[in-house]
Amino acid sequence: IGTPGNVFLIGRENDPTPGLPGEFFATSAFFNSKSRLNRSGDISFRAGRRGTSPRNGVWSGAPTNLSAAAMTGTLATNVGVNYRDISGNTLSQSGNIAFESSLNTSADKALFAGPTNALIKVFRFGETCHGMTNVFYGGGASDGITFEHFNDDLLAYTVRISGSGISTINDSAFWAGTAEAPQLIFQEGDVLPANLGGGNIAGASAFNVNTNGHMLIHSRLTNSADVLYWADSVSKPTNWVEIAREGGVLPGLEISLSNLFTTLAFSLSDNGDVIFYGFVSGPGISTTNDVAILRWVPSTRTVQRIVQEGDMIEVLPGDFRKVTDFEFSGGLGQSASYSCGVNSSGQVAFSAVFSKVINNITNTTRGIMIANRPSTFADWAWRAKLPVGQDGPGDDANDDDTTNTDHDSNG
């Protein structure tokens, strides 16, 4: 870790572990999780230790002063038994951590969070769920916990549940709040309000919260359609806005979303934009142009094209090339500060594959592109669907012998 020209080693397999005299990092599966950094320069990581498996731990703190936050074989916070196997770790902007650990058995799990020297147990399988009655955390031996830190100390998580009235159609739920007092946001099977099409929500497959508190939820409805929802705060479904639904028309475009790509394929930026990627269908769409990267804008609640298969991009002055394929890496299930592919200004990065016929030979090239957030008159004109050929400031869209430059959006 470090800055260019000032990088130093944090850990190496078989080296002594920070804060644990006589302990050493493992030589197999030494480093087995994502390292997390916050804006203060703190780091959190999970690594293996020499000895009988499972034997690992979580370290956190300033890189020059790391603390052993939790170790297998030591007494777990507030439960009276030892950590058995630690998996997953997050780091908040204020330096707090969270991690999941099994306890007596692989089916006995708990989520822990807080400062490294004052951890608390958020919940343990078998305990009553926050905000529910006669319903308990954990639904089976193979269950895991999906969790993430957002902003300073907002902790969000989703997990399977069991108990009175619980079946396969309502056996998961989503919570967010402080580690001490998480709030139930929704339960799988909850009825969606009419403005979201009604029906039943089928859980949270992924979620993001940006630094302004906007929330993105990816869910699958009970009819197996993937849907993206947005809210201006961490709130219940009554305050959500539907961004895109498989099989539904994209707001602001006369095309539909046929299939939402869900593996590292959508992100929430800090300005509230949502970037997503998938197959589209509708007028003028064929197998040669049916994949697109799209942007949903909260101020207009409409969708814009960023790039679509078949587009021509000017890679150099006068050198136009056709896009035949592209990829976008989103921040699935992570906070906006960890998201890939989009920054706080709404700029989007993606890789593209181009084809161009030169001397009767089709040449294939690749490149990394950055798309700026549109804010020009031409973008407004395109969305407003002005007559063909009349989409710029120099056009006279309403034939009054005055260029569009002198008109507002009402003409």
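Let me sum up the structure you'll find in this document.

Criteria and thresholds
- Residues numbered from 1 in each chain as written.
- Predicted model: local features only at pLDDT ≥ 70, side-chain atom pairs only at ≥ 80, totals over all residues.
- Heavy atoms only, no water.
- Helix = DSSP H or I, 4+ residues; strand = E, 2+ residues; numbered from the N terminus.
- Buried < 20%, exposed > 50% of the residue type's maximum accessible area, 1.4 Å probe, protein only.
- Contact = heavy atoms within 4.5 Å.
- Areas by Shrake-Rupley, 256 points an atom, 1.4 Å probe, with all protein chains shown as cover.
- Phe/Tyr/Trp six-rings, centres within 6.5 Å; stacked < 30°, edge-to-face > 60°.
- Pairing = 2+ DSSP bridges.
- Axes fitted to C-alpha atoms, helices over the stretch in contact; angles between N-to-C directions.
- Polar contact = N/O pair within 3.5 Å; in protein donor to acceptor, adjacent residues only side chain to side chain.
- Core = buried A, V, L, I, M, F, W, Y, C linked by side-chain atoms within 4.5 Å.
- Salt bridge = Lys/Arg side-chain N within 4 Å of Asp/Glu carboxyl O.

Across its full length, the protein chain carries one helix and 28 strands. The proportion of buried residues among the 411 residues of the protein chain is 49%. A sequence separation of at least 24 residues applies to 42% of the contacts in the protein chain between residues at least 6 apart. Roughly 18,900 Å² of accessible area belongs to the protein chain as shown, and the carbon and sulfur atoms make up 49% of that amount.

Turning our eyes to something else, we now look at the packing of aromatic side chains. Taken as a whole, this structure holds 20 aromatic pairs when the rule is applied. Considering the side-chain rings of Phe 25 and Phe 45, the 6.5 Å spacing of their centres and the 50° angle between planes classify their relative orientation as tilted. Within this pair, whereas Phe 25 is found in the loop between β2 (6-7) and β3 (36-37), its partner Phe 45 is found in strand β4 (residues 43-48), the two being separated by 20 residues in sequence. Accessibility assignment for this pair places Phe 25 and Phe 45 in one class, buried. Centre to centre, the rings of Phe 261 and Tyr 277 are 4.7 Å apart; their planes meet at 65°, and the pair counts as edge-to-face. Of this pair, Phe 261 sits in the loop between β20 (256-260) and β21 (267-268) while Tyr 277 sits in strand β22 (residues 274-281), placing them 16 residues apart in sequence.

On to the sheet that holds strand β28 (residues 361-371). Reading across the sheet, the four strands line up as β25-β26-β27-β28 and stay open at both edges, with antiparallel pairing between neighbours. At either margin of the open sheet sits one strand with a lone partner, and together these are β25 (312-316) and β28. Sheet twist, expressed as the average angle between the axes of neighbouring strands with direction ignored, equals 45°. Two strands pair when backbone bridges link them, and strand β27 (residues 348-358) and β28 are joined in this way by eleven bridges, in the antiparallel orientation. Opposite Ala 349, over in β28, you have Ile 370 as the bridge partner.

Further remarks concern the sheet that holds strand β5 (residues 56-62). Note on sheets: strands pair through backbone hydrogen bonds, and any given pair is parallel or antiparallel. Strand order in the open sheet formed by four strands is β3-β4-β5-β6, and the pairing between neighbours is antiparallel. Each edge of the open sheet is held by one strand with a lone partner, namely β3 and β6 (65-71). Summarising the sheet, β4 and β5 pair through six bridges and their orientation is antiparallel. Opposite Phe 45, over in β5, you have Trp 59 as the bridge partner.

Here the focus is the side chain of Asp 273. With respect to the element layout, Asp 273 can be found in the loop between β21 and β22. The class of Asp 273 is buried, set by a relative accessible area of 0%. Within the structure, Asp 273 has its side chain in polar contact with the side chain of Arg 295 (distance 3.2 Å).

Attention now goes to the pairing of strand β24 (residues 302-308). Each regular strand displays side chains that alternate between the two surfaces of the sheet. Counting buried positions along β24 yields six of seven residues, so the element is predominantly enclosed. Examined bridge by bridge, strand β23 (residues 291-297) and β24 share six bridges and lie antiparallel to one another. Note on β24: the bridge partner recorded for Ala 292 is Gln 308. Between β23 and β24, which pair antiparallel in sequence order, lie four residues; one of them, Arg 301, sits at a positive phi of approximately 55°.

Attention now goes to the nonpolar core. Of all hydrophobic cores here, the largest spans 22 residues; its most connected members are Leu 228, Ile 243, Leu 250, Val 274, Phe 276, Leu 294 and Trp 296. At the level of secondary structure, the elements contributing two or more residues to this core comprise β18 (226-231), β19 (241-245), β20, β22 and β23. If sequence neighbours within four positions are ignored, Leu 250 has contacts with Ala 244, Ile 255, Ser 256, Leu 257, Phe 276, Val 280, Leu 294 and Val 303. In terms of nonpolar packing, the next biggest core, distinct from the first, is built from 21 residues, Ala 98, Phe 125, Met 132 and Val 135 among them.

Attention now moves to the pairing of β4. Buried residues dominate β4, accounting for six of its six residues. By the alternation rule, side chains of β4 split into Ile 43, Phe 45 and Ala 47 and Ser 44, Arg 46 and Gly 48, which are all buried. Relative to β4, β3 runs antiparallel, the two being bridged by two bridges. Bridged to Arg 36 within β4 is Ser 44. Linkage of β3 to β4, two consecutive antiparallel strands, is achieved through a turn of five residues, within which Gly 41 is found at a positive phi near 90°.

Under the counting rule described, the total for this entry stands at twelve salt bridges. Measuring nitrogen to oxygen at the nearest pair gives 3.1 Å for the salt bridge that ties Asp 143 to Arg 160. You can see Asp 143 sitting in the loop between β11 (135-137) and β12 (146-150) and its partner Arg 160 sitting in strand β13 (residues 154-163), a full 17 residues away along the chain. Owing to a relative accessible area of 35%, Arg 160 belongs among the partly exposed residues under this scheme. A network of salt bridges, in which partner residues are shared, links Glu 23, Arg 49 and Arg 55.

Time to look at unusual backbone geometry. With a phi close to 65°, Asn 78 is a non-glycine residue in the positive phi region. Since its relative accessible area comes to 56%, Asn 78 is described here as exposed. Positioned with a positive phi, Asn 360 is a non-glycine residue whose angle comes to about 65°. Looking at the secondary structure, you find Asn 360 in the loop between β27 and β28. Overall, the relative accessible area of 78% leaves Asn 360 in the exposed class.

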